[in-house]
Amino acid sequence: PVRMWMRGEWQELLLLDYEMHDEPSFSHPPRVAKLLEESVKAMQDDEVDRAERLVRQGLELEPDAPDLLNNLATIYERRKQMKEAEALLRKIVAKNPDYSFPHINLARIAIRRGDLNEAEAHLKPLLTRKRFNISEFGFFCNAQIEFFKAKKQMDGARSWLNMWVGIDPNNPLVLEWQARLDKPSGLARFLRRSSGR
């Protein structure tokens, strides 16, 4: 944290400086890597049953692989099996405290539940990381935007969105958040309509 004089008062700011990379979080034997890749694609195609089969095949070969377990938790979440998802995410965090995805997922679950203190407890340690995979950073930014939006601190949400735009401007979630956060107010829409624009 750095103290700076802003808007007529001393404020404590956290200056962020991250190194981005495109290396995978974990390395796997080729067979497991292929199953993981196919399961991610299946999830993107909304083929949840197929994604689960592929993840479980990978877990048969590597039962403790944190990224495979995290993907299984995501499948539970997609199916609204929130207790199973949360329990599995907590297990992953306990064994792999430096792995960011389960922290981010637990934070997002807490945000949806309205428990912003718990969400912050999961997100705050990630602020001081030095390196992020680009995809991982996107998920982190998304969670931070959700967190600040839930706190009704739109400047904070926009700040995280601007950081994300600088790293991955064509990400579909970036474009979605830009549309959601940049919606003109009701007054601005009224003025535009009444002026014929």
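Criteria and thresholds
Residues numbered from 1 in each chain as written. Predicted model: local features only at pLDDT ≥ 70, side-chain atom pairs only at ≥ 80, totals over all residues. Heavy atoms only, no water. Core = buried A, V, L, I, M, F, W, Y, C linked by side-chain atoms within 4.5 Å. Buried < 20%, exposed > 50% of the residue type's maximum accessible area, 1.4 Å probe, protein only. Helix = DSSP H or I, 4+ residues; strand = E, 2+ residues; numbered from the N terminus. Contact = heavy atoms within 4.5 Å. Polar contact = N/O pair within 3.5 Å; in protein donor to acceptor, adjacent residues only side chain to side chain. Salt bridge = Lys/Arg side-chain N within 4 Å of Asp/Glu carboxyl O. Phe/Tyr/Trp six-rings, centres within 6.5 Å; stacked < 30°, edge-to-face > 60°. Lys NZ or Arg CZ within 6 Å of the ring centre and 35° of its normal. Axes fitted to C-alpha atoms, helices over the stretch in contact; angles between N-to-C directions. Parallel < 35°, antiparallel > 145°, perpendicular 65-115°, else oblique. Left-handed = near helix turned anticlockwise from the far one by under 90°. Nonpolar A, V, L, I, M, F, W, Y, C, P; charged D, E, K, R; others polar.

*Asks:* So what exactly am I meant to see when it comes to the nonpolar core here?
*Replies:* One recurring pattern in soluble globular proteins: nonpolar side chains tend to sit buried together. Leu59, Leu68, Leu72, Ile75, Leu88, Leu89 and Ile92 are the most contacted members of the largest nonpolar core, which has 26 residues in total. Listing elements by their share of this core, those giving two or more residues are helix H1 (30-44), helix H2 (48-61), helix H3 (66-78), helix H4 (82-95) and helix H5 (100-113). The dominant element in this core, judged by the number of residues it contributes, is H3, at six residues. Apart from the residues within four sequence positions on either side, Leu89 is in contact with Asn70, Ala73, Pro102, Asn105, Leu106 and Ile109. Judged by nonpolar contacts, the second largest core, of 24 residues, contains Tyr18, Ala110, Phe137 and Leu181.

*Asks:* Before we go on, may I ask you to explain the side chain of Asn105 in this structure?
*Replies:* By the secondary structure assignment, Asn105 is in helix H5. Among the residues examined, Asn105 registers a relative accessible area of 8% and is labelled buried. Side chain to side chain, Asn105 and Asn70 meet in a polar contact 3.0 Å long. Excluding anything up to four places from it in sequence, Asn105 contacts Asn70, Thr74 and Leu89.

*Asks:* Explain the environment of Leu72 here, please?
*Replies:* By secondary structure assignment, the location of Leu72 is in helix H3. Sequence separation between Leu72 and Leu88 is 16 residues, and the spatial gap between their C-alpha atoms is 8.4 Å.

*Asks:* Any chance you could explain unusual backbone geometry here in plain terms?
*Replies:* Leaving glycine out, the prevailing phi sign among residues is negative, and the prevailing peptide bond configuration is trans. At Lys80, a position not held by glycine, the phi torsion is positive, near 65°. Mapped onto the elements, Lys80 comes out in the loop between H3 and H4. Located in the positive-phi region is Lys152, a residue other than glycine, with phi close to 60°. Tracing the backbone through its elements, the reader meets Lys152 in the loop between helix H7 (134-150) and helix H8 (154-167). Residue Lys152 is classed as exposed on the basis of its relative accessible area of 71%.

*Asks:* What is the right way to read the pattern of salt bridges from this model?
*Replies:* One side chain can pair with another of opposite charge once the charged atoms of both are near each other. Applying the stated criterion to the full structure yields 17 salt bridges. The closest approach of N and O atoms between Asp46 and Arg78, which form a salt bridge, is 2.9 Å. Here Arg78 lies in helix H3 and Asp46 lies in the loop between H1 and H2, a separation of 32 residues in the sequence. Three or more residues are tied together by salt bridges with common partners; here these are Asp49, Glu52, Arg56 and Arg79.

*Asks:* Before we go on, may I ask you to explain the packing of aromatic side chains in this structure?
*Replies:* Ring pairs (aromatic) are described by centroid distance and by the angle formed between their planes. In total, this model carries nine aromatic pairs according to the counting rule given. Plain terms: the ring middles of Phe140 and Trp160 are 5.2 Å apart, the flat faces sit at 80° to each other, and that makes the pair edge-to-face. In this pair, Phe140 is assigned in helix H7 and Trp160 in helix H8, connecting sequence segments 20 residues apart. Residue Trp160 is classed as buried on the basis of its relative accessible area, which comes to 6%. For the cation-ring pair, Arg180 lies above Trp177, with the distance from its terminal atom to the ring centre recorded as 4.1 Å.

*Asks:* When you look at the side chain of His103 in this model, what are you seeing that I'm missing?
*Replies:* Relative to the assigned elements, His103 resides in helix H5. Apart from the residues lying within four places of it in its own chain, the contact partners of His103 are Val93, Pro97, His122 and Leu126.

*Asks:* Where do I start with the packing of H8 against helix H9 (residues 172-181) in this structure?
*Replies:* Relative placement of two packed helices is described by the angle separating their axes and the distance separating the axes. Orientation of H8 relative to H9, taken along the N-to-C sense of each, is 150°, at an axis distance of 10 Å. Between H8 and H9, the crossing angle belongs to the class labelled roughly antiparallel. When you trace H8 past H9, the crossing you get is left-handed. Across from Met154, Ala157, Arg158, Leu161, Trp164 and Val165 in H8, the residues of H9 making contact are Leu173, Val174, Trp177, Gln178 and Leu181. In the contact of H8 with H9, the residues fall into nine nonpolar, one polar and one charged.

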